[in-house]
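# Analysis of the macromolecular model
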Number of protein chains: 2
Amino acid sequence: MVNARTHFVLHCPKYQKSRMASLALTDTSSSATARLFPFRRRNGVLLLRHLVGPLPRPPPTPLRPLTAVHPSNALYPVVSAAGDGSAKVIDGKMVAKQITEEVASEVSRMKAAIGVVPGLAVVLVGDRKDSATYVRKKKKACESVGINSFDVHLPADSPEDEVIKFISGFNDDPSVHGILVQLPLPPHMDEENVLNAVSIEKDVDGFHPVNIGRLAMRGREPLFVPCTPKGCIELLHRYGVQIKGKKAVVIGRSNIVGMPAALLLQREDATVSIVHSRTKNPEAITKQADIVISAVGQPNMVKGSWIKPGAVVIDVGINPVEDAKSRRGYRLVGDVCYEEASKVASAITPVPGGVGPMTIAMLLSNTLSSAKRANNFGNH
Amino acid sequence: MVNARTHFVLHCPKYQKSRMASLALTDTSSSATARLFPFRRRNGVLLLRHLVGPLPRPPPTPLRPLTAVHPSNALYPVVSAAGDGSAKVIDGKMVAKQITEEVASEVSRMKAAIGVVPGLAVVLVGDRKDSATYVRKKKKACESVGINSFDVHLPADSPEDEVIKFISGFNDDPSVHGILVQLPLPPHMDEENVLNAVSIEKDVDGFHPVNIGRLAMRGREPLFVPCTPKGCIELLHRYGVQIKGKKAVVIGRSNIVGMPAALLLQREDATVSIVHSRTKNPEAITKQADIVISAVGQPNMVKGSWIKPGAVVIDVGINPVEDAKSRRGYRLVGDVCYEEASKVASAITPVPGGVGPMTIAMLLSNTLSSAKRANNFGNH
């Protein structure tokens, strides 16, 4: 996990003065990072803007449903701009806002039509500050769209049974449509046992093996897809990036980002390769990809030289690096050296403001879908 | 499915006179082919020997357990023989025989120690000749190692409920440790419903989404791994082929071979790419691989030019091609053009006599493991 320590940066022009860091791929989940790191958006965006200049903003557009968009109908089609230094910025903050508005509208419509309000239960064990921050953010996001939130906060030394008892209660409660267990759990608990206790009908995180198995299988449909990789694919859809027939490389193979991202790309008919800590020459493999999704939690590990000209780059990493100029003493960077990669790619997500905001938006969307399905209301 | 029709061959020197066939990758399962096609080993092997000369046979060796073998301890280590035209033949028939003997020995030991005999139940619906043949082969294989076999044969027009009722009966029967539903089911049945009815503790085929999900997830263990891909990896292990850190390409992404084979290679730290019907330039991608597993059901689709010198090639395809000289009017060939690939690869499985015989051996092995686990006997 990278959330609790500060990482340093290597070989990226803007960060050359920073201290050395291990370049080993870690296979840690950047989603965990995204979930746990209390990033403060305002400051982060300001810092990033300082680096890359003002973020181009597409004009306001009508809302669109959460479905695949054919490139010709994309809201913000990516026009190949290989090598001219002007990669399109994939604005996750803006897309997340749009999705959040779509969810809010659907929540209102369902409430008006059948009187049902979606509910999300969050189980938090222990006193990690980062976890507490994330839970707060989720509660706030739920409130903002009209989803009820329920939370249970248990002491770090609670027995596993106690946690599972609460999960079972939420499984049986018809006003709860999604259950999220905040990770990491205290070390004395078996994460597998606890996560498996969540009913697959309420597994809005999509981490249950049945949902992962269905995601892997052709002709099967998972009830939920994990939020962060779903957010990555949603960005590709909304920016009209064609996936079918393209070569895609996923860097990192965590259960919560890398692996499900690879399965999602595969479902959309990309030719997928997974790069991980045991991969020899990850640069050469990554350089073949039309689409790169990086989720390793190593700041600036993916250099510009790793990127094929014209590729689309989705950077899941949210890594704190030392920054004496920042009031907080650190700033956030991705797995990808943005400055270099944005000169080669045709489109790229910034950090922060790329994939990060999509995770909570997808959680709200999954909770809405679950409530719709439970009540047989509309499309879900 | 390719089992019922005859395929023709293109571009492989020995088959140039054959008629043209579509070269499109089909994503059909060659495991289904392997399962359903009534291949007659003796004839096939004779034909193949005619093509490649006598198959080299490793000397008889002591039995080994079904575990990963470090290359330095391999029974039949693959010595790189790139390009010298003398790829080592990976003799699946011999390895399957060895595994079958190991299973028989363990079955006896368990019976003697705790009086339990493993049991496999096979559910057959309809009157497909190929399915009936396969069921017969399985019964015979069970008998040969001392596993009890139970089978139910239902008419093709049976209602789905009826099939599920029998499966439930086997789920509750402690003398049954594995349940196998013979595929394909008649078209009026929902394959997903029927397969999901099999208890995951008796899912010796490994097709239940929970088992597939656990196979995909790091830190989780499936109760069973699908037999054909497990057989592929077992061949690599027994021939001491290093997987960790190697580039592997799986051609085909079926639920029963390609996809789980890719997940297994990934678990063993290969860098895996999956080639399928939507892949552009499959030749160039395959040519980068140190290990190729092909499971598409297209005769001789993978040419010698697709293979990296020194690669190890596992050919899952068992495809009938027209052969006027054969009494039967056809012979069996793999997905890989053996004659060409064996000049480039360092090791290769023949067809027949490669992966084919491994599927039933793995089924026996999975059934034994299940019985051991159910009775908490020894390692399982």
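Criteria and thresholds
Residues numbered from 1 in each chain as written. Chains lettered and ligands numbered in written order. Predicted model: local features only at pLDDT ≥ 70, side-chain atom pairs only at ≥ 80, totals over all residues. Heavy atoms only, no water. UniProt positions renumbered as here; feature names shortened; annotations may be inferred. Least-squares fit on C-alpha atoms with pLDDT ≥ 70 in both. Contact = heavy atoms within 4.5 Å. Core = buried A, V, L, I, M, F, W, Y, C linked by side-chain atoms within 4.5 Å. Buried < 20%, exposed > 50% of the residue type's maximum accessible area, 1.4 Å probe, protein only. Helix = DSSP H or I, 4+ residues; strand = E, 2+ residues; numbered from the N terminus. Expected span 1.5 Å × (residues − 1). Axes fitted to C-alpha atoms, helices over the stretch in contact; angles between N-to-C directions. Parallel < 35°, antiparallel > 145°, perpendicular 65-115°, else oblique. Nonpolar A, V, L, I, M, F, W, Y, C, P; charged D, E, K, R; others polar. Buried area = accessible area lost by both parts, 1.4 Å probe. Salt bridge = Lys/Arg side-chain N within 4 Å of Asp/Glu carboxyl O. Polar contact = N/O pair within 3.5 Å; in protein donor to acceptor, adjacent residues only side chain to side chain. Pairing = 2+ DSSP bridges. Phe/Tyr/Trp six-rings, centres within 6.5 Å; stacked < 30°, edge-to-face > 60°. Lys NZ or Arg CZ within 6 Å of the ring centre and 35° of its normal.

Looking at an unreviewed UniProt entry, chain A carries the name Methenyltetrahydrofolate cyclohydrolase, with the source organism given as Erythroxylum novogranatense. The UniProt entry for chain A carries the following comment under Sequence similarities (unreviewed entry): "Belongs to the tetrahydrofolate dehydrogenase/cyclohydrolase family."

## Description of the relation of the copies chain B and chain A
Overlay of chain B on chain A (RMSD 0.0 Å): rotation 180 degrees, translation along the axis 0.0 Å. Look at the turn and shift together and you get a two-fold axis relating the two. Judged by C-alpha distance, G213(B) is the residue of chain B that lies nearest the rotation axis, at 1.8 Å. Most of the interface of chain B is mirrored in chain A, where 100% of its interface residues again form contacts.

## Some thoughts on the nonpolar core
Of all hydrophobic cores here, the largest spans 167 residues; its most connected members are L236(A), L265(A), I293(A), L236(B), L265(B) and I293(B). The residues contacting L236(A), other than those within four sequence positions of it, are V241(A), I243(A), L265(A), I291(A), V312(A) and I314(A).

## Digging into helix α3 (residues 92–114) of chain A
Residues and elements named next belong to chain A. Taking 1.5 Å per residue, 23 residues should reach 33 Å; α3 reaches 32 Å between its end C-alpha atoms and fits that length. Turning to α3, its buried residues number three or more, namely G92, M94, V95, A96, Q98, I99, E102, V103, E106, V107 and M110. As for α3, its buried residues are in contact with α4 (129–145), α8 (227–238) and α12 (356–374). After α3 finishes, the residue G115 shows a positive phi value of roughly 75 degrees.

## Notes on the packing of helix α3 (residues 92–114) of chain B against helix α8 (residues 227–238) of chain B
Each packed pair of helices is defined by two parameters, the angle between the axes and the distance between the axes. Residues and elements named next belong to chain B. Following both chains from N to C, one finds α3 and α8 inclined at 95 degrees, their axes separated by 11 Å at the closest point. Accordingly, the angle class assigned to the pair α3 and α8 is roughly perpendicular. Judged by residue contacts, G92, V95, Q98, I99 and E102 of α3 engage E234, L235 and R238 from α8. Across the contact of α3 with α8, the residue classes break down as three nonpolar, two polar and three charged.

## Brief notes about the UniProt feature "domain: Tetrahydrofolate dehydrogenase/cyclohydrolase NAD(P)-binding" (unreviewed entry) in chain A
Here the UniProt feature "domain: Tetrahydrofolate dehydrogenase/cyclohydrolase NAD(P)-binding" (unreviewed entry) sits at residues 226–374 of chain A. Strand forms 19% of residues 226–374 of chain A and helix 34%; the C-alpha atoms that close the span are 19 Å apart.

## Focus on the interface of chain B and chain A
Each partner contributes residues to the interface: chain B has 35 residues there, and chain A has 35 residues. Approximately 3,300 Å² of surface area, both sides summed, lies buried where chain B meets chain A, with 47% of it carried by carbon and sulfur atoms. When the buried surface of chain B facing chain A is broken down by residue, R218(B), R220(B) and R253(B) rank first, second and third, together holding 18% of it. Inspection of the region where chain B meets chain A yields six salt bridges. For the salt bridge of D269(A) with R253(B), the shortest nitrogen-to-oxygen distance reads 2.8 Å. On the surface where chain B and chain A come into contact, there are 14 residue pairs in polar contact (both at pLDDT 80 or more). Broken down by secondary-structure element, the contributors of at least two residues to the side of chain B that touches chain A are α6 (191–196), α7 (209–216), α9 (258–267) and β6 (271–275) of chain B. When residues in the side of chain B that touches chain A are grouped by element, the largest group, six residues, is from α7(B). Partitioning the side of chain B that touches chain A into residue classes produces twelve nonpolar, eleven polar and twelve charged.

## So, the pairing of strand β7 (residues 291–294) of chain B
Residues and elements named next belong to chain B. On β7, burial covers both faces: I291 and I293 on one face and V292 and S294 on the other are all buried. Where strand β5 (residues 247–251) meets β7, four bridges bridge the pair, whose relative direction is parallel. Within β7, the residue paired with A248 across the bridge is I291. Relative to strand β8 (residues 312–315), β7 is paired through four bridges, and the arrangement is parallel. Pairing of V292 across the sheet is with V313, part of β8.

## Here's the deal with the packing of aromatic side chains
In this structure the tally under the stated criterion is zero aromatic pairs over all chains. Its guanidinium or amino end placed over the ring of F224(A), R373(A) lies 4.9 Å from that ring's centre, counting from NZ or CZ. Over the ring of F166(B) we find K165(B); its NZ or CZ atom is 5.8 Å from the centre of that ring.

## Here we look at the pattern of salt bridges
All names here are of chain A. For the coordinates displayed, the defined rule picks out 28 salt bridges over all chains. Notably, a salt bridge pairs R128 with D130, separated by 2.9 Å at the nearest N-O pair. Members of the salt-bridge network, linked through shared partners, are E102, E234 and R238.

## A few points about unusual backbone geometry
Residues and elements named next belong to chain A. Cis rather than trans, the peptide bond between V351 and P352 has omega equal to -5 degrees. Relative to the elements of secondary structure, P352 occurs in the loop between β11 (347–348) and α12. In this structure, D269 is a non-glycine residue whose phi angle is positive, near 70 degrees. Topologically, D269 is positioned in the loop between α9 (258–267) and β6 (271–275). For D269, a relative accessible area of 14% translates into the label buried.

## Regarding the sheet that holds strand β3 (residues 148–154) of chain B
Residues and elements named next belong to chain B. Reading across from one edge, β3-β2-β4 is the order of the three strands in this open sheet, with parallel pairing throughout. Looking along the sheet, the strands with just one partner apiece sit at the ends: β3 and β4 (178–181). Here the strands of the sheet are splayed against their neighbours by 15 degrees on average, with no regard to which way each runs. Across the sheet, helix α5 (residues 160–172) lies against β2 (119–125), β3 and β4, angled at about 165 degrees from β3, the strand it touches most.

## Here's the deal with the sheet that holds strand β3 (residues 148–154) of chain A
Residues and elements named next belong to chain A. Read from one edge to the other, the open sheet built from three strands follows the order β3-β2-β4, with strand pairing classed as parallel. In this open sheet, the two edge strands, each paired with only one partner strand, are β3 and β4 (178–181). Within this sheet the neighbouring strands show an average axis-to-axis angle of 15 degrees, counted without direction. Sheet analysis places strand β2 (residues 119–125) next to β4, joined by four bridges and oriented parallel.

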